[in-house]
Amino acid sequence: MAPVVSVGTSSEDVAARVGHHVIKHQDIAIAESGVFRIAVSGGSMGKVLKKALVDDKQIAPLVKWDKWEVYFSDERLVPLDHPESNYGLLKQNVLDHVPKVVVHPIDVSLLTGKEGELAGADEAKDQEIADKYAELLPKDGKLDLLLLGCGPDGHTCSLFPGHPLLEEKSKLVALIRDSPKPPPRRISVTFPLLAKATSLAFIAEGEGKAPTLKKIFEEGDTSLPSKLVSDLVGPEVVWFVNEPAVKGVKL
Ligand SMILES: O=C(O)[C@H](O)[C@@H](O)[C@H](O)[C@H](O)COP(=O)(O)O
């Protein structure tokens, strides 16, 4: 099925659209399994989720935090209170403002080296962080919803254009030690995990996204990981964008 594009008129409107989408999937998942398994990304995601799930007075009461299980679509190998930590971003924007939630951060007891940098870091320990993260996933690897970003280079999660990780066929979570965007050491979910999900939602705001969205929606540039993820046939795929992000883009 072709991806759906939902265009918001303001950042509050985009956040509200995202919020309603999250609640829809939350309710379906809880009705089916009693738990809602969601993965979130970094970048501006924390701020959008705060607007949607904490500050929006209509949506906030609908969130069943005690039924949530939160994962990260990618994470930098840094301490949880480091400014580059995606967990840290979510904590500061959302977790600190809501009732207790089950969250799965990386196992920071296995961190070596310095703040995501390569020098002095132990590759075997990094691999263990990725492998242990995969073990936290549900047995069938199926998440209900992943909220994804889209970088200017078309990356999503820590899946970068031209990177061998795009070819991963079996692991659900992989280690990356040469991320072109710093810090170099990260873990990321892979295509096999993304393909199993019930729903994938991209959030892309601002005029800086327009050239990338043009490549995805008009030019069909399959060198962009976001385009490849957007084209996955199993999951429902929705793009939440604002008007500047799609200005001049034929949808
Ligand atoms: O780890 C990363 O490299 C970022 O978290 C990345 O995945 C982010 O989602 C995109 O770069 C979009 O960022 P924005 O949402 O800030 O545009």
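Everything numeric in this text was worked out from a predicted model, so none of it was measured.

Chemist: Help me understand the environment of Leu-90, please; the structure alone is not making it clear to me.
Modeler: Residue placement: Leu-90 occurs in helix H3 (residues 86-93). Each C-alpha atom of the pair Leu-90 and Gly-46 lies 5.1 Å from the other, and the pair is 44 residues apart in sequence. With residues near it in sequence (within four places) discarded, Leu-90 still touches Val-40, Leu-49, Val-70, Phe-72 and Leu-95.

Chemist: Looking at this structure, how should I read the site of the ligand?
Modeler: Neighbouring the ligand are 13 residues; Ser-44, Arg-76, Lys-181, Arg-186 and Lys-209 lie closest to it. One of the backbone N or O atoms of Cys-157 is found 3.4 Å from an oxygen atom in the ligand. In isolation the ligand has 420 Å² of accessible area, and contact with the protein removes 88% of it. Class assignment of the residues belonging to the shell around the ligand gives a composition of 2 nonpolar, 6 polar and 5 charged.

Chemist: I would appreciate a short explanation of the sheet that holds strand S7 (residues 173-176) in the present structure.
Modeler: Backbone hydrogen bonds hold the strands of a sheet together, and the pairing may be parallel or antiparallel. Overall, antiparallel pairing links the 3 strands, which are arranged S4-S8-S7 in an open sheet. Each end of this open sheet is capped by a strand with a single partner; those strands are strand S4 (74-76) and S7. Here the strands of the sheet are splayed against their neighbours by 15 degrees on average, with no regard to which way each runs. Summarising the sheet, S7 and strand S8 (residues 186-189) pair through 4 bridges and their orientation is antiparallel. Paired with Ala-174 across the strands is Ser-188, a residue of S8. This element, helix H4 (residues 123-136), spans S7 and S8 of the sheet and lies at about 160 degrees to S7.

Parameters and conventions
- Residues numbered from 1 in each chain as written.
- Predicted model: local features only at pLDDT ≥ 70, side-chain atom pairs only at ≥ 80, totals over all residues.
- Heavy atoms only, no water.
- Helix = DSSP H or I, 4+ residues; strand = E, 2+ residues; numbered from the N terminus.
- Contact = heavy atoms within 4.5 Å.
- Near = heavy atom within 4 Å.
- Polar contact = N/O pair within 3.5 Å; in protein donor to acceptor, adjacent residues only side chain to side chain.
- Areas by Shrake-Rupley, 256 points an atom, 1.4 Å probe, with all protein chains shown as cover.
- Nonpolar A, V, L, I, M, F, W, Y, C, P; charged D, E, K, R; others polar.
- Pairing = 2+ DSSP bridges.
- Axes fitted to C-alpha atoms, helices over the stretch in contact; angles between N-to-C directions.

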